Each structure stands twice: as structure tokens, then as C-alpha cells.
Amino acid sequence: MDKRKMIRFAITMKGKHLEQWKLDCIKLLLNMPEVKLALIVDIPDRPLGRKLSPLYKFYQSLVRRRSSVLKMVTLPNDLGKIPRILCSNSADIENPYRKEDMEFMKGMELDFVLHLEETVIEGDILNVSKSGVWTLQVGSPRSNPQLHGGGWEILNNEPVTEIGLYQLTGNSKEWAVWKRGYFGTVFDSLRKNKEMLYQSTLNWPALVCKEILYNQSHRGECIQAFSTTIPENDNVASTVETFKFIFVTWKHKAQKLYRKLFCYEFWNVGIVHKPIQSFLNDQHPIIDWLVPKNNCYFADPFGLKDEEGIHILMEEVDHKVVKGYISGVSLKGEIGQRDVQDWNRSVLKLESHMSYPYLLEYGGEVYCIPETSEAREVAIYKKINGRWGKFQTILEDFAAVDSTIIHHGDYWWLFCTKGDSGPQSDNNELHIYYAKELFGDWNPHHSNPVKVDIRSSRPAGTPFVHDKQIIRPAQDCSKTYGGRIVLNKITVLTPERFEEVAVSPVEPRDDSMYPDGVHTISSVGEVTVLDGKRFDYSLLHPFRKLYKYKPMKNVSYGNF
């Protein structure tokens, strides 16, 4: 890392208390030796253009009191020694900051001002630091939502909630996006939705500081300026609108309980008689299901082809046990004929959950990298004396989900999501590792997590090359887990940078036995294997679920 002066920042506050997540955000910044909190700015409350009803105030206070993340806390003693300035200019409501206060702040040589309040910040304070004001805003900056913390998305049934860390300045027609993420909306609880959003993003200012320290020329992505002013005619805080909002959340609670009690989720593996590249143009291919039944649980198929036929490894889950394990099947002759299927259950079975048995051919050998995030490791398995066994662990103490490895340029690249860093991180937080050698030392990408997007982060099968560019399948879990697949084109892949764009979806077929989702697609020569999901509702399911879930104790390794 290049040597440079300290990054100096200020924080805005209202009074002596702030929410717990904001304090955690500040602590992450202060854990960096090159970052210093130089000033605390007390900002005044702007007068609201609308009246808040007693019910609205009570509901918001109840949300805060029930949350360990949103609860109000006082600044610790060590932060009490930080210089503090009270900004108040009663003579000018539009610009509440006095000239002498702004001159004082400019003299502090601040790099940025961190504003984590949900209220608007405008005026001369936007120009007192080198990088303006950094603020987290929930919702699309151009949609001008009327409810903070993802409430607008709940009220309007939006499956995805956007949040961004923006750089605001007062002398530019463009503002900058430091980081942006897309999360699945938690419809049944405003508290849980806010907790999920803020827990998942409170480390963003520290991550941006890390990137600036590493690369002094690092800049945010410029976007068109937008207004953060809430419309004066906003009546969402009225009693009627608050009742409406509460009714919407309780309706979602009832729907969630109904699904939990009466819904089973089944998966099956199928074969499409086309190469994987055809999915760029054919979003609804015809599927031959491996088992022509609608109550299976086979998913995450990966295969290879030799002179004997097609061999597939997949996740299997018995609804009487809680863990998944790896099973195999060999297809000889015509694919649709069940009598030529050679099944081998429990090829790999550990005490921890196993799934996504990614297959990799290298140096004349076939390796398997199953998902074992519960064991907090990424291990490569190899056939030894005809049976699969652990060959080498390449990542330790990291809950990698659906690890996918390719070789590109000078490096091996491992794509995965992280299973334990946030409420939705297993589905939306893309991490990359790279290594010179497959069995060498693996290093984290400098910008991890390189992407936060519930719609296109989690790996979903075999990457492939089309028109000299890598196409990376990813899950879209915005509406339901494994709802569909998005094919992403990687445009930049270096140890320091990563960029990709979505080019085509792969949708489940409505006329299929498994019409409710697809989340893994993999190439096997001139054919493609994939999976499909079906929701099954029955009044008998609650009794079956009482019998379900007995922990799996045995560990076994089998033949392919």
C-alpha cells in the first residue's frame, strides 16, 4: 500500500445519541489506522412539510425499541473527546449553516463528511470537505421514495430494495456512487428490512476508504444529480396511511406462515439437448427430466461425458433428514430411458451440508469442489481408488457458497458468495479469489465483495466462453430462492477490478413439471443439464414436517 496522509472525516449527529448500526459503522472506520475522526457536527432538524400522526410516531418508536441494530445508544467516552460543532442559523431556514461554521470546517482539512441520518442534508456543508458528503440512501435515488428504510418497497410490493453509498457535492451536476447494492425486500417486517439493509452495508464507508488508500485515484461512478427532498404533499405519515402500511406487513406475515406450514419445495434434474451457449437466445428450452416424478429433490447438477456416456453429480436431499449430500447417476444410451440409468446414492456424505458438486477437469484428472459452507472451507475432492476423497483444502475459515472455479489469463479464479457476513449474503454478496496455480495460494480479490446484488451474484453453474468473453451464470433470488438464472458477461476481471453485465435470463417453463424455479445450469459437451423447482401445497404438509429433519450423523465416500 502506498504511503499517504491520514484520511480525516467528520460525522453528522442530532444530539448525543445515534443508532447502534451507525456507531458500528464509525467503529469500523476507526479500526483502520490510516483513518481519523476529526469532528462531530451537530446538525439541526429541518422543519417537516407534513404532520406526523401519533400512530406513525408510535410505530416508528416501536420498530426502534425492538431492534438491537436500530436502538439508540450514546457515544462512547473516547469519542466524547472529539471536537464538536453545533451548526445552527436561525436566520436562514434554507441554509441552516453559519458562514463561520463552514469556514471552521474547511480549516479542519476533512476528506469527507459522513451523514448517516435518514433526513435530507443540503446547503454549504456539501462543500466543506474534499470529497463532499457521503450518505447512505435506501431506494433508487430517482424514485424519491416517501418511506425510509425500505418501507416504500414493502408498501409497493417491490421485490428488490436498492441502497447506495453516495458522494454529494454542491458544485456539480453529477454525484458519485461509491457502492450500490440490491437486496431482497423483507415484506413482513419494516424492522427486519431495515436491520438487513443497514447490517449489510455499515462496512461500506470503511471499504471505500480501503480502496482509496490502495489507489489514490479511485473515484466513484458518476451519475446524474438527483433530489433528496421528500415531496411536501407526502401523506404517508398520516394515521390512515400508517394503518395501511401495518396491514400490508401483516398480510405478508400471514402469507409467509401459510407457505411455511403448507408448502413443500421439490427439485429435479433435467437435460436439454442443446449446448449451454444456446441459452443466450433460448430462454425456455424443452427439458427431459431425469426422474419423471413431481416429488423429487435432486438439484445442482454437474456432469462430464466419456465413452461410456454421461455422468452426473448432484445434490440430493431426503425430506426426513436436514442435510444435503452428493449423489450420482450415469446415463448410457438414450438419455430419456430410465432402464439405462445407473444410480449411486451418497457418493459424498459428510456431517455438514453438501451441495453444488462443481466438476473441474485439469491435467487429465477430474476434480469435484462441493459446497461445504457449513464446514467453513473450500476443498477439492479427487477420485482415489475409484472413490471420491478430499484431496486438498484451498480456502479455510471462509463460508464459501457455490464455489465455481475457472482459468482465465494468468490466474485461476474462484467465484462464490459468502454465507455468514450478512442476512442475505449467501445470495447477494459475490466474492472472488485468485491463484497462479490451482493447488497454490489463493488470494482475495482487492474489491471483495465485488458485487452485492440479489438478482445476479450467487453462482449458478458452469461459466462458458462466447465471442471471446466469459459468460457467468448466476442466480436471481429476488422473488424466490432459485427463481431463475441470469447469464452475466464479464467485461473486466483483474485482481483489482471486476465488472459484469447481465445479458440474458434463463426462465423456468410454465408448462413444466417444475415451473417455479431454476438455479443451476452446467455444460456437458453438446448437451446441458439443469434443475427445476416446484412448490407443492397440501393440508397434510404440517404433519409431514413434524416428522421431518433428523440430523445426519454418518460420513461416507462412494463411487461416481
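Up top is the structure these notes are about.
For every chain, the first residue of the written sequence is number 1, and numbering continues from 1 along that sequence. Thresholds applied to this predicted model are a pLDDT of at least 70 for local features of residues and 80 or more for the giving and counting of side-chain atom pairs; totals over whole chains, interfaces and linings are not thresholded and use all residues. As a rule here, side-chain values come from all non-hydrogen atoms in the structure, and water together with hydrogens is ignored.

## Side note on the overall build of the protein chain
Definition in use: Labels follow the DSSP assignment, with helices taken as runs of H or I lasting at least four residues and strands as runs of E lasting at least two, numbered in each case from the N terminus. Any two residues whose heavy atoms approach within 4.5 Å are treated as being in contact. In short, Shrake-Rupley with a 1.4 Å probe defines the accessible areas, and a residue's cover is counted only from the protein chains shown.
Along its length, the protein chain carries nine helices and 32 strands. Here the analysis covers contacts within the protein chain between residues at least 6 apart in sequence; of these, 62% occur between residues at least 24 apart. Carbon and sulfur atoms form 49% of the exposed surface of the protein chain, whose accessible area is close to 25,800 Å².

## As for the side chain of D300
Rule in force here: For each residue, the accessible area found with a 1.4 Å probe, counting protein chains only, is set against the maximum for its type, and the residue is called buried under 20%, exposed over 50%, and partly exposed in between. When charges are counted, Lys and Arg contribute as positive and Asp and Glu as negative, whereas His and the chain ends are disregarded. Throughout this description, the term salt bridge denotes a Lys or Arg side-chain nitrogen within 4 Å of a carboxyl oxygen of Asp or Glu. Pairs of N or O atoms within 3.5 Å make up the polar contacts considered here, provided that, within protein, one atom can donate a hydrogen while the other can accept it, and that residues adjacent in sequence are counted only when both atoms are side-chain atoms.
With respect to the helices and strands, the residue D300 is situated in strand β13 (residues 298-306). Look at D300: it is buried, it has no salt bridge, and the nearest opposite charge is R458 at 6.2 Å. Of the polar contacts made by the side chain of D300, one reaches the side chain of T520; its length is 2.7 Å. Setting aside anything within four residues of it in sequence, one finds D300 in contact with L313, M314, E315, S355, Y356, P357, H519, T520 and D531.

## Comments concerning the sheet that holds strand β29 (residues 498-506)
Within a sheet, each strand pairs with its neighbour through backbone hydrogen bonds, oriented either parallel or antiparallel. Here is the rule we go by: Should DSSP find at least two bridges between two strands, the strands are regarded as paired. The axes used here are C-alpha line fits, helices contributing only the stretch in contact, and every angle between their N-to-C directions lies in the interval 0 to 180 degrees.
Spatial strand order, β26-β27-β28-β29: four strands in an open sheet with antiparallel pairing. Unpaired on one side and paired on the other, β26 (464-466) and β29 mark the two borders of the sheet. Direction aside, the axes of adjacent strands within the sheet are offset by 40° on average. Relative to strand β27 (residues 469-476), β26 runs antiparallel, the two being bridged by three bridges.

## Some remarks on helix α6 (residues 204-214)
The buried fraction of α6 amounts to nine of the 11 residues, a majority that puts the element mostly inside the structure. Taken residue by residue, α6 has W204, P205, A206, L207, V208, C209, E211, I212 and L213 as its buried positions.

## Describing the sheet that holds strand β30 (residues 521-524)
The four strands are arranged β12-β11-β31-β30 in an open sheet whose pairing can be described as antiparallel. Each of the sheet's edge strands pairs with one partner strand only, and the pair in question is β12 (288-289) and β30. Both strand β11 (residues 263-272) and strand β31 (residues 527-537) contribute to a ladder of 10 bridges, which runs antiparallel. Residue pairing in the sheet places F266 in a bridge with R534 of β31.

## Regarding unusual backbone geometry
Cis geometry is adopted by the peptide bond preceding P449, which originates at N448 and carries an omega value of -10°. Within the fold, P449 resides in the loop between β24 (443-444) and β25 (451-452). Despite not being glycine, D467 has its phi angle at roughly 50°, a positive value. Looking at where D467 falls in the secondary structure, it is placed in the loop between β26 and β27.

## Quick notes on the environment of K293
With respect to the secondary-structure elements, K293 resides in the loop between β12 and β13. Taking the C-alpha atoms as reference, K293 lies 9.8 Å from Y514; in sequence the two are 221 residues apart. Contact partners of K293, with chain neighbours within four places excluded, come to N268, M513 and Y514.

## Re the pairing of strand β17 (residues 355-362)
The buried fraction of β17 is high, at six of eight residues. In this structure, the hairpin formed by β17 and strand β18 (residues 365-371) is closed by a connection of two residues, where G363 is found at a positive phi of approximately 60°.

## Side note on the pattern of salt bridges
Scanning the model with the defined rule gives 26 salt bridges in all. A salt bridge links E211 to K179, with the nearest nitrogen and oxygen atoms 3.4 Å apart. One end of the pair, E211, is in helix α6; the other, K179, is in strand β9 (residues 174-184), with 32 residues separating them in the sequence. Classification of E211 by relative accessible area gives buried; the value is 9%. Exposure remark for K179: the relative accessible area of 13% places this residue in the buried category. Among the ionic pairs, K390 bridges to E377, the shortest N-O distance being 2.8 Å. Taken together, the residues span a long stretch of sequence, with K390 in strand β20 (residues 387-396) and E377 in strand β19 (residues 377-384) at a distance of 13 residues. For K390, a relative accessible area of 40% corresponds to the partly exposed category. Each member of the salt-bridge network shares a partner with another, and the members are E19, K22, R64 and E117.

## Overview of the packing of aromatic side chains
To keep things clear, this is the line we draw: Here a pair means two rings of Phe, Tyr or Trp (six-membered ring of Trp) with centres within 6.5 Å. Their orientation is stacked below 30 degrees between planes, edge-to-face above 60, and tilted elsewhere.
This model, assessed by the stated rule, comprises 22 aromatic pairs. An angle of 45° between the planes, with centres 5.3 Å apart, marks the rings of Y258 and F262 as tilted. Pair noted here: Y258 and F262 are both in helix α7 (residues 239-262), with a separation of four residues, about one helical turn. Between F398 and Y433, the aromatic rings sit 5.3 Å apart at their centres with planes inclined by 70°, giving edge-to-face as the arrangement. Residue F398 is found in the loop between β20 and β21 (400-408), and its partner Y433 is found in strand β23 (residues 429-435); the two are separated by 35 residues along the sequence.

## Notes on the environment of D101
Residue placement: D101 occurs in helix α3 (residues 99-106). When neighbours within four sequence positions are excluded, D101 is seen to be in contact with I85, L86, C87 and S88.

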